[in-house]
Amino acid sequence: MDFRVGQGYDVHALADGLPMRLGGVPVDSPRGFVAHSDGDVAIHALCDALLGALAKGDIGKHFPDSSYEFAGIDSAILLERVMKMVREDGWEVANADLTVSLQEPRLSPYIPQMRETLANLMGIESGRVSVKATTTEKLGFVGRGEGCEVRAVVLVFKR
């Protein structure tokens, strides 16, 4: 069986009064992501991991932030389009593992829904999706509350 691993990383700044969506789930927060799209940094990192596993570049290559078409777009649509590429090339997702670094708000109440939402978008069981959240102990831009970063790793296999 043919396997490939992909890793993705994304960062977005935070600003007052903007909505926050992570892993396709609205998060109750007074601050949200500054972005061309909806800013779902978790989905963006996941898309990069999937595209990386297929050696198809990154999310910016396929969905450039210079394009009006993607202004304010729901990142779930981007993940659906990436999954179409994955399947058209004969691949399936074995599992995905995401780590969200965000000082606040605490994300533990949202993680089960994020796992379920991401699994549904990828067409796999939620048991194949791991979402973990951490703070950076008030260190760096994340710790100062300036932004959020997400790292994603995926394993794909040829059907």
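Above: the structure in question.
Here's what I pulled together on the structure shown here. Values in this document were obtained by computation on a predicted structure and should not be read as measured data.

Describing unusual backbone geometry
If a residue is not glycine, its phi is most likely negative; likewise, a peptide bond is most likely trans.
Consideration 1: The linkage connecting Glu104 with the following residue, Pro105, adopts the cis geometry, with an omega of 5°.
Consideration 2: Assignment of secondary structure puts Pro105 in the loop between β5 (91-101) and α4 (111-122).
Consideration 3: Positive phi, normally seen in glycine, also occurs at Ala55, with a value near 55°.
Consideration 4: Looking at where Ala55 falls in the secondary structure, it is placed in the loop between α1 (41-53) and α2 (59-62).
Consideration 5: Since its relative accessible area comes to 67%, Ala55 is described here as exposed.
Consideration 6: One non-glycine residue, Lys138, lies in the positive phi region at around 65°.

A few points about the state of the cysteines
Consideration 1: Inspection of the entire model under this criterion finds zero disulfides.
Consideration 2: Of all cysteine sulfurs in the structure, the one in Cys47 sits closest to Cys148, which takes part in no disulfide; the separation is 15 Å.

Examining the packing of α1 against α4
Consideration 1: Between α1 and α4, the shortest axis-to-axis distance is 12 Å and the interhelical angle comes to 40°. When the interaxial angle is binned, α1 and α4 end up oblique. Note that α1 runs across α4; the crossing there is right-handed. In this structure, α1 contributes Ile43, Leu46 and Leu50 to the contact, and α4 contributes Leu118, Leu121 and Met122.
Consideration 2: Each residue belonging to the contact of α1 with α4 can be placed in one class, and the counts come to six nonpolar, no polar and no charged.

Digging into α1
Consideration 1: With 13 residues, α1 ought to run about 18 Å at 1.5 Å a step, and its terminal C-alpha atoms sit 18 Å apart, in line with that.
Consideration 2: With twelve of 13 residues buried, α1 lies mostly within the body of the structure.
Consideration 3: Of the residues trailing α1, Ala55 is marked for its positive phi of about 55°.

What counts and what doesn't
Residues numbered from 1 in each chain as written. Predicted model: local features only at pLDDT ≥ 70, side-chain atom pairs only at ≥ 80, totals over all residues. Heavy atoms only, no water. Helix = DSSP H or I, 4+ residues; strand = E, 2+ residues; numbered from the N terminus. Buried < 20%, exposed > 50% of the residue type's maximum accessible area, 1.4 Å probe, protein only. Disulfide = S-S within 2.5 Å. Axes fitted to C-alpha atoms, helices over the stretch in contact; angles between N-to-C directions. Parallel < 35°, antiparallel > 145°, perpendicular 65-115°, else oblique. Left-handed = near helix turned anticlockwise from the far one by under 90°. Contact = heavy atoms within 4.5 Å. Nonpolar A, V, L, I, M, F, W, Y, C, P; charged D, E, K, R; others polar. Expected span 1.5 Å × (residues − 1).

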